[in-house]
Amino acid sequence: MTQLKINLSLLLCALLLSPLSYSDANIFASAKELLSIDKPLIKVEYSNSNLVSTCPVGSIGCFSSANGGKIILSENIPTKHHDVVLLGLYSDYLQYADSRVIDEFRTCQVKVAYLNQISNTRLANLYEGQCDSLFKGKLLVLR
């Protein structure tokens, strides 16, 4: 009887923990598809203490390339922004892993494309405005 309780407890723990990692893996797959870059999945760490010690002040997450790379996110990230913020950080990682360069505008465009893909047009419009402001007042030269 004790072994059955242990097995049930382990199964319950696995079921409770799996939706987050499954969701994160799906978001990573979307980032890879949108960028057409194939690199391995990296660890996502939800830690307020590591966020404060590693990421820029005031951020809710960041990509760190140290020790093979990882993404650090706040434990208190708003649910409605979790997926798009994580997608943006995966985008930063994939770009960095591919070319050692992170294009802020490309990351922003990937976020907008993802939000449109999942039919969240209200948030897509908000992020699109953010993308537009990246180049506001800058002179673009075409060759």
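The rules behind each value
- Residues numbered from 1 in each chain as written.
- Predicted model: local features only at pLDDT ≥ 70, side-chain atom pairs only at ≥ 80, totals over all residues.
- Heavy atoms only, no water.
- Disulfide = S-S within 2.5 Å.
- Buried < 20%, exposed > 50% of the residue type's maximum accessible area, 1.4 Å probe, protein only.
- Helix = DSSP H or I, 4+ residues; strand = E, 2+ residues; numbered from the N terminus.
- Pairing = 2+ DSSP bridges.
- Axes fitted to C-alpha atoms, helices over the stretch in contact; angles between N-to-C directions.
- Core = buried A, V, L, I, M, F, W, Y, C linked by side-chain atoms within 4.5 Å.
- Contact = heavy atoms within 4.5 Å.

Quick look at the state of the cysteines now. Under the counting rule described, the total for this entry stands at 2 disulfides. The partner cysteine of C55 in its disulfide is C62, sulfur to sulfur 2.0 Å. With the S-S bond torsion at -70 degrees, the cross-link from C55 to C62 turns out left-handed. Residue C55 is classed as buried on the basis of its relative accessible area, which comes to 7%. Disulfide partner of C108: C131, at an S-S distance of 2.0 Å. On the sign convention where negative means left-handed, the S-S torsion of about -105 degrees between C108 and C131 marks this disulfide as left-handed. Highlighted residues: C108 in helix 4 (residues 104-117) and C131 in helix 5 (residues 121-134), separated in sequence by 23 residues. Assessed through its relative accessible area of 4%, C131 is described here as buried.

Let us now look at the pairing of strand 3 (residues 70-73). Pairing of strand 1 (residues 43-46) with strand 3 involves 4 bridges; the strand directions are parallel. Directly across from K43, in strand 3, lies its bridge partner K70. Note: strand 2 (residues 61-64) against strand 3, 4 bridges, orientation antiparallel. Bridge assignment links G61 to a residue of strand 3, and that residue is L73.

Another aspect to go through is unusual backbone geometry. Located in the positive-phi region is S36, a residue other than glycine, with phi close to 55 degrees. Relative to the elements of secondary structure, S36 occurs in the loop between helix 1 (2-35) and strand 1. Of note in this structure, R100 is not a glycine but carries a positive phi near 65 degrees. Tracing the chain through its elements places R100 in the loop between helix 3 (79-99) and helix 4.

This part takes up the sheet that holds strand 3. One open sheet accounts for 3 strands, arranged 1-3-2; its pairing is mixed. In this open sheet, the two strands that pair with only one neighbour each are strand 1 and strand 2. If you compare each strand with its neighbour and ignore which way they point, the axes differ by 20 degrees on average.

Ranked by size, the top nonpolar core spans 28 residues in total, and within it I71, L73, V85, L86, Y90, L94 and Y127 carry the most contacts. For this core, the elements supplying multiple residues, two or more each, are helix 1, strand 3, helix 3, helix 4 and helix 5. Excluding residues within four positions of it along the chain, Y90 makes contact with D24, I27, F28, A31, L41, I42, V44 and I71.

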